[in-house]
Amino acid sequence: MSRLQNICYAILFATLAIYHKQIIGFLTLSRTSSLETYNHGSLDVCLQPDPLIPSNKRTEQYVKDKVESAAYQREIINKLSGIIQIPSESYDELGPIGQDERWNIFFQIEDYIKQTYPRVLSTVQLDHANTHGLILTWKGSLPPEEAKPILMLAHQDVVPVLADAVQDWTHPPYDGHFDGELIWGRGATDDKGYMISILESVDLLIKSGFEPKRTIILAFGCDEEITGENCGRPISDFLFERYGRDGIYIIMDEGSMGVQTEFNQSFAMVSVAEKGYLDATINVTAAGGHASNPPEHNAIGVMSEIVVELERQAFPANLTPRNPMFGFLECAVVHAPDSDLLRNVRGRLGDAALDKRGAQKALAALLRDMQYYFKTTQSVAKVNGGIKVNAIPELVTAMVNLRLAVESSVGHIKDHYEELIKPIAKKHGMAFQGFGDESSSSSVRKISLSTVEALEPAPVSPVASEAFEILSGTIRHTLKPLIEGQELIVTPYLMPANTDTKFFWALTKNIYRFTPINLVHNLNRAHTTNEFIKASEFVREPYFFATLILNADDAAGKK
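Note that the structure is predicted; figures quoted are calculated from it, not measured.

With that settled, the discussion passes to the confidence of the model for the protein. Averaged over all residues, the pLDDT of the protein is 91; the fraction at 70 or higher stands at 92%. Within the model, pLDDT remains below 50 along residues 1-36, and this stretch shows 16 contacts once partners closer than five positions in the same chain are excluded.

Pasting the structure below:
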């Protein structure tokens, strides 16, 4: 064989080897049902960015030194304790701002912020949305067209404390008591700790002499715990008018998980979506009369039949790739220590991605303890009917609270309810009025459905974006794993509840909900007795937020 032939064969075999490698690689990518698919390193699944260190090392070091000093920690603890002492409760039945005096407590919150952060208030522009919605804008050197602003949200209001429950608190709910380890009080976690932390981050950056290129906005609602209509929506409208559609770079708001341990692995759980929401009202009306001459089925009996049917035909649990929890499980099977459960999950992920052989239902069933994240849930929360034991009830009302899976919609839920309930009305010879049916019926015996409040599931924010990469790199630089010797893995997650971000969908696709601490004991007992926050974690939150601002500023103006 000649030298030329040898060279030709070598080129041929090298070319075949390249194509063989590409073909094998393609087949590996295509065979998503194989166990090897989700082995670490075999696919670009849940890749973790390097810790992201700001280029402005002087400012970062200034902030870091501050938050690690004992004097500063005492100071920020006192600031949180002080704002907890203002009982800024929001109530479902509040009248309009300016008419209901219970709104006036929020003037005290604003005054407290002004008194506690005079340097911030002398630097930023303060705007009001519907009186109590606060918008603080630290203008950057670059116009918003060149560098979209960063927006950080928090809310001033808290869930009311029942008078009868005050005695059950270890420390009074509005004392802001610090016992040397925990800061106790309503709002410590939800959400005054978050609000103080982002204010502190801006205050520290101003003290350091930092001057942003990218505009920084802090916005504080006054009614997140009820509807958000009085402050959350007006704030969003204000910012939309100023910056327009997709005019914000990234939105940060409180998260429901933070840093947690699952599958014996430390995760930073960033909620990239929220479940939808629906309050449905079911009314059953019938003729009344004396209880000595009852019908075979009175309105309470019919309502009972409806409730039983709704629970019998509950929504199934399916885990699809549209759900951010699918991404979380990918991260778990790649990064968490091996276990029997994870091997079972790994074996089903590929088939679930393609919905083969009912794999999505099987995967959800395997993770029964987490099914709330994989399905639309429903809870019959209130039932009212009857006024006297010897009178036949004329009206029975049930209210159902539903939290919609990301794959569902308000329309789908309404259709499902109408399909289940309409046959019951027909069975009992009753008229039926579905959602949105405005036609009137002269029939005394009727079943009618209506909506109190409805919200579609939130759009899923991207994890393949510059904004998420900056957020992830910041998390990995500033926060530590809960288990020593591990990496802290940043993962997408799902917010089961709803925040004020529901009003901000038009402002950016990059909406992330994350609290940079370990939230334990049911979100540190938010919404119930003995709410608290761990001081050693809380005092470091401003370092995270300040570093995020610095890292986002580094990306400002880059094409």
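Okay, the packing of helix α2 (residues 57-67) against helix α16 (residues 541-554) next. Packing of α2 against α16 leaves a shortest axis separation of 9 Å and a crossing angle of 170 degrees. Considering the angle they form, α2 stands roughly antiparallel to α16. For the pair α2 and α16, contact is made by Thr 59, Glu 60, Val 63, Lys 64 and Val 67 and by Pro 542, Tyr 543, Ala 546, Thr 547 and Leu 550, respectively. When its residues are assigned to classes, the contact of α2 with α16 shows six nonpolar, two polar and two charged.

Quick look at unusual backbone geometry now. In this structure, Asp 191 follows Asp 190 across a cis peptide bond, with omega equal to 15 degrees. Among the structural elements, Asp 191 can be located in the loop between β4 (182-184) and α6 (192-208). The backbone phi angle of Thr 131 is positive, close to 75 degrees, even though this residue is not glycine. On the secondary structure map, Thr 131 appears in the loop between β1 (125-129) and β2 (133-138). Classification of Thr 131 as partly exposed rests on a relative accessible area of 35%.

What the rule picks out here adds up to 21 salt bridges. Among the ionic pairs, Arg 102 bridges to Asp 100, the shortest N-O distance being 3.0 Å. What makes Asp 100 buried here is its relative accessible area of 15%. Across the pair Arg 476 and Glu 487 runs a salt bridge, and its minimum N-O distance is 2.8 Å. With Arg 476 in helix α13 (residues 466-478) and Glu 487 in the loop between α13 and β16 (489-495), the pair connects residues that are 11 residues apart, well separated along the chain. Since its relative accessible area comes to 15%, Arg 476 is described here as buried. Shared partners join several salt bridges into a network, and the residues in it are Asp 338, Asp 340, Arg 343 and Arg 346.

What follows deals with the state of the cysteines. Summed over the entire model, instances satisfying the criterion amount to two disulfides. The partner cysteine of Cys 46 in its disulfide is Cys 331, sulfur to sulfur 1.9 Å. Because the sign of the S-S torsion sets the handedness, a value of about 95 degrees for the bond joining Cys 46 and Cys 331 places this disulfide among the right-handed ones. Of this pair, Cys 46 sits in the loop between α1 (3-30) and α2 while Cys 331 is found in helix α9 (residues 324-335), placing the two residues 285 residues apart along the sequence. Per residue, the accessibility class of Cys 46 equals that of Cys 331, and both read buried. Each bonded cysteine of the protein gets a number by its place in the sequence, and the pairs then read 1-4, 2-3.

Attention now moves to the packing of aromatic side chains. Across all of its chains, the model carries 12 aromatic pairs by this definition. Centre to centre, the rings of Phe 328 and Tyr 493 are 5.1 Å apart; their planes meet at 75 degrees, and the pair counts as edge-to-face. Taken together, the positions of Phe 328 in helix α9 and Tyr 493 in strand β16 put the pair 165 residues apart, joining distant regions of the chain. As far as the burial class goes, Phe 328 and Tyr 493 line up, both buried.

Let us now look at the environment of His 527. For His 527, the position within the fold is in the loop between α14 (521-525) and β18 (532-534). Distance in space between the C-alpha atoms of His 527 and Thr 189 is 9.6 Å, their sequence separation being 338 residues. Once residues within four sequence positions are removed from consideration, His 527 is found in contact with Val 159, Arg 186, Asp 190 and Glu 225. For His 527, the side chain forms a polar contact with the side chain of Asp 190, separated by 2.9 Å. Side-chain polar atoms of His 527 contact the side chain of Glu 225, separated by 3.1 Å.

Turning to the side chain of His 416, a few remarks are in order. Looking at the element boundaries, His 416 is found in helix α12 (residues 410-427). When sequence neighbours within four positions are dropped, the list of residues in contact with His 416 reads Gln 313 and Phe 315.

Turning next to the sheet that holds strand β14 (residues 431-433). The sheet built from five strands is open, its strands ordered β11-β13-β9-β15-β14 with mixed pairing. Where the open sheet ends on each side, the last strands, each with one partner, are β11 (377-385) and β14. If you compare each strand with its neighbour and ignore which way they point, the axes differ by 15 degrees on average. Judged from the nine bridges that link them, strand β9 (residues 276-285) and strand β15 (residues 446-455) form a sheet pairing that is antiparallel. Counted as the bridge partner of Leu 278 is Ala 454 from β15. Across the sheet, helix α8 (residues 299-312) lies against β9, β11, β13 (395-404) and β15, angled at about 150 degrees from β9, the strand it touches most.

What counts and what doesn't
Residues numbered from 1 in each chain as written. Predicted model: local features only at pLDDT ≥ 70, side-chain atom pairs only at ≥ 80, totals over all residues. Heavy atoms only, no water. pLDDT = per-residue confidence, 0-100. Contact = heavy atoms within 4.5 Å. Axes fitted to C-alpha atoms, helices over the stretch in contact; angles between N-to-C directions. Helix = DSSP H or I, 4+ residues; strand = E, 2+ residues; numbered from the N terminus. Parallel < 35°, antiparallel > 145°, perpendicular 65-115°, else oblique. Nonpolar A, V, L, I, M, F, W, Y, C, P; charged D, E, K, R; others polar. Buried < 20%, exposed > 50% of the residue type's maximum accessible area, 1.4 Å probe, protein only. Salt bridge = Lys/Arg side-chain N within 4 Å of Asp/Glu carboxyl O. Disulfide = S-S within 2.5 Å. Phe/Tyr/Trp six-rings, centres within 6.5 Å; stacked < 30°, edge-to-face > 60°. Polar contact = N/O pair within 3.5 Å; in protein donor to acceptor, adjacent residues only side chain to side chain. Pairing = 2+ DSSP bridges.

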